[in-house]
Each structure stands twice: as C-alpha cells, then as structure tokens.
Amino acid sequence: MNYLITQMWVCLLIAAAIGFLIGWLLKGILYRKSLEELDENWQRKFAKKENQSTTSLEETSQSTAISETPTKPKNLQSSFDIEEIEGIGANYGGKLRDVGITTTQQLLNKCCDIDGRIEIANHIGIEDFVIQKWASMADLMRVSEVDGQFAELMAYAGIDSVQSLGKQDVDKFFTSLSKANNNQQRVKTLPDVTTLEIMIAEAKSLPEKMKDV
C-alpha cells in the first residue's frame, strides 16, 4: 500500500515538473515573441523618423538651392514718366504731354521709327536725332534696373536699343561702360558683371521696338 502511495506521489511530482517545464517553455516563447514584436515596432518607428528627417533635409536643401539661385533684378515698373529720360525737362516734357506722350513707353511706341521721330521733332522744335536718342533710352529702360541715367550712359557707350544690348559681350560691355562713365560721370557705381549678364539676357528676350537705328 505504501509502495503505491509512493509511486503516486512520484508520478504527481513528475507531472508537476513536466507541467512547470512546459509552462516555462511556453512563457519563454511568448516572451520572446513579445520582444520580437516590440523590436519590430521600434524599428518601424526609427525608419519612419529617418524618412521624415531625410525628407525634411531634402526640402531644406531644395529651398536653400532655390534661394541661392540668381534671379534677374526687377524694376517695379517698365514705363516711367517722360521726364525720367535724361535731357527731357519741364519744357520738352510739357510739349510732349501736349501730344499725349506722358511716359517712356508712349514715347517709344510713337518714335520707334523715323516717321514718328520726325513728326515729334517738328512738333517740339528739336532735331530728330535727339528724339532718336530719347527713344533709344526709352527702349533701354524696358530692361530691369535700367533708369534714365544708366540708359543715357549706355547710349553714350554706343548701345541704342535692346537689340544692341542683347548682342553685347559682357566683358567688352563693362569696359565700354567704364570708359563712357569716366568721361561723362553719369552714374556713381556701375553694375557688376553678373548684373550686366542678366541685363543682356533679358534684353534678348524682349520684343524688338526700335527701327531705323
């Protein structure tokens, strides 16, 4: 009898040990699976953060590249009061206004050819070659950053239209402007070569206006 009881206890102990071992193994498997899932979640989070950081850096780089890209200078306007042209004061400005010419663009439209220049010259009592010079300056003032004084300086340097400006070699152009400014003292500071290159490129894109020059 005692032998049977002993055998039963041994069997129970063995069963308990086996149950504990199975439970321990299952717990280890579940725990390892949880760790793997947690690791996968963290990896996904890190990958997402890395992608966001990369995208942000690319956008910042693109924004910086755009901001550093040279852009051509722009005047606030392409047409000015007629008196902005050097040589047209209150007297000639008043006479031009009498025939409806109040802006540089209107002067250019009217005096872009020889017939228009002769008509206006006769009206205000001045030589037509002076009208031609004024029309040339009005034409050049269509280019960004070109005001009346700089347009006059270009005219002294032999540039009589945007077509002529568009054909310039920038280094030779800068040299001729420097010589003209030394003689005439029209502007305090000449534009740098980069700005002149932008002006030349813009002149090439503008429609032709001046004729018979």
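Conventions and cut-offs
- Residues numbered from 1 in each chain as written.
- Predicted model: local features only at pLDDT ≥ 70, side-chain atom pairs only at ≥ 80, totals over all residues.
- Heavy atoms only, no water.
- Salt bridge = Lys/Arg side-chain N within 4 Å of Asp/Glu carboxyl O.
- Helix = DSSP H or I, 4+ residues; strand = E, 2+ residues; numbered from the N terminus.
- pLDDT = per-residue confidence, 0-100.
- Contact = heavy atoms within 4.5 Å.
- Phe/Tyr/Trp six-rings, centres within 6.5 Å; stacked < 30°, edge-to-face > 60°.
- Lys NZ or Arg CZ within 6 Å of the ring centre and 35° of its normal.
- Core = buried A, V, L, I, M, F, W, Y, C linked by side-chain atoms within 4.5 Å.
- Buried < 20%, exposed > 50% of the residue type's maximum accessible area, 1.4 Å probe, protein only.
- Axes fitted to C-alpha atoms, helices over the stretch in contact; angles between N-to-C directions.
- Parallel < 35°, antiparallel > 145°, perpendicular 65-115°, else oblique.
- Left-handed = near helix turned anticlockwise from the far one by under 90°.
- Nonpolar A, V, L, I, M, F, W, Y, C, P; charged D, E, K, R; others polar.

Colleague: Give me the pattern of salt bridges: which residues, what numbers.
Modeller: Here the structure, examined in full by the defined rule, presents 3 salt bridges. Note that Arg-97 and Glu-83 form a salt bridge whose closest N and O atoms lie 2.9 Å from each other. With Arg-97 in helix H2 (residues 90–98) and Glu-83 in the loop between helix H1 (2–68) and H2, the pair connects residues that are 14 residues apart, well separated along the chain.

Colleague: Lay out unusual backbone geometry in plain terms, naming residues and giving numbers.
Modeller: Although it is not a glycine, Glu-145 sits at a positive phi angle of roughly 70 degrees. In this structure, Glu-145 sits in the loop between helix H5 (128–140) and helix H6 (148–156).

Colleague: Which residues make up the confidence of the model for the protein chain, and what values go with them?
Modeller: For the protein chain, per-residue confidence averages 80 on the pLDDT scale, and 64% of positions sit at 70 or higher. Of all the helices and strands in the protein chain, H1 carries the lowest mean pLDDT, 56, while helix H7 (residues 162–166) carries the highest, 97. The low-confidence segment residues 57–76 (pLDDT under 50) makes 15 contacts with residues lying over four places distant or belonging to another chain.

Colleague: A description of the packing of aromatic side chains should follow, citing residues and the corresponding values.
Modeller: Throughout the structure, instances matching the rule amount to 1 aromatic pair. Taking the ring centre of Tyr-156 as reference, the NZ or CZ of Lys-133 above it sits at 4.4 Å.

Colleague: Please give an account of the nonpolar core that cites residues and values.
Modeller: Buried together is how nonpolar side chains tend to be arranged in soluble globular proteins. Of all hydrophobic cores here, the largest spans 41 residues; its most connected members are Ile-85, Leu-96, Leu-107, Trp-134, Phe-150, Met-154 and Leu-165. Secondary-structure elements contributing two or more residues to this core are helix H3 (104–110), helix H4 (114–124), H5, H6, H7, helix H8 (170–184) and helix H9 (193–205). The dominant element in this core, judged by the number of residues it contributes, is H5, at 7 residues.

Colleague: Describe the side chain of Glu-152, listing the residues and the values that go with them.
Modeller: With respect to the helices, strands and loops of the structure, Glu-152 is situated in helix H6. Judged by relative accessible area, which is 6%, Glu-152 ranks as buried.

Colleague: Let's hear about the environment of Thr-102: which residues, and what values?
Modeller: Relative to the helices and strands, Thr-102 is located in the loop between H2 and H3. For Thr-102 and Ile-82, which are 20 residues apart along the polypeptide, the C-alpha to C-alpha distance reads 5.3 Å. Look past the residues within four positions of Thr-102 in its chain and what remains in contact with it is Phe-80, Asp-81, Ile-82 and Arg-97.

Colleague: Can you explain the environment of Gln-184? Please cite residues and give values.
Modeller: Topologically, Gln-184 is positioned in helix H8. A relative accessible area of 31% places Gln-184 in the partly exposed class. Measuring from C-alpha to C-alpha, the distance between Gln-184 and Glu-152 comes to 9.8 Å, with 32 residues separating the pair along the chain.

Colleague: Describe the packing of H8 against H9, with residues and values.
Modeller: Contact pair H8 / H9: the axes reach a minimum separation of 10 Å and the direction vectors enclose 110 degrees. Judged on the interaxial angle alone, H9 and H8 are roughly perpendicular. Considering the relative orientation of H8 and H9, their crossing is right-handed. Every residue of H9 that contacts H8 at Val-170, Asp-171, Phe-173, Phe-174 and Leu-177 is listed here: Val-193, Leu-196, Glu-197 and Ile-200. Across the contact of H8 with H9, the residue classes tally to 7 nonpolar, no polar and 2 charged.

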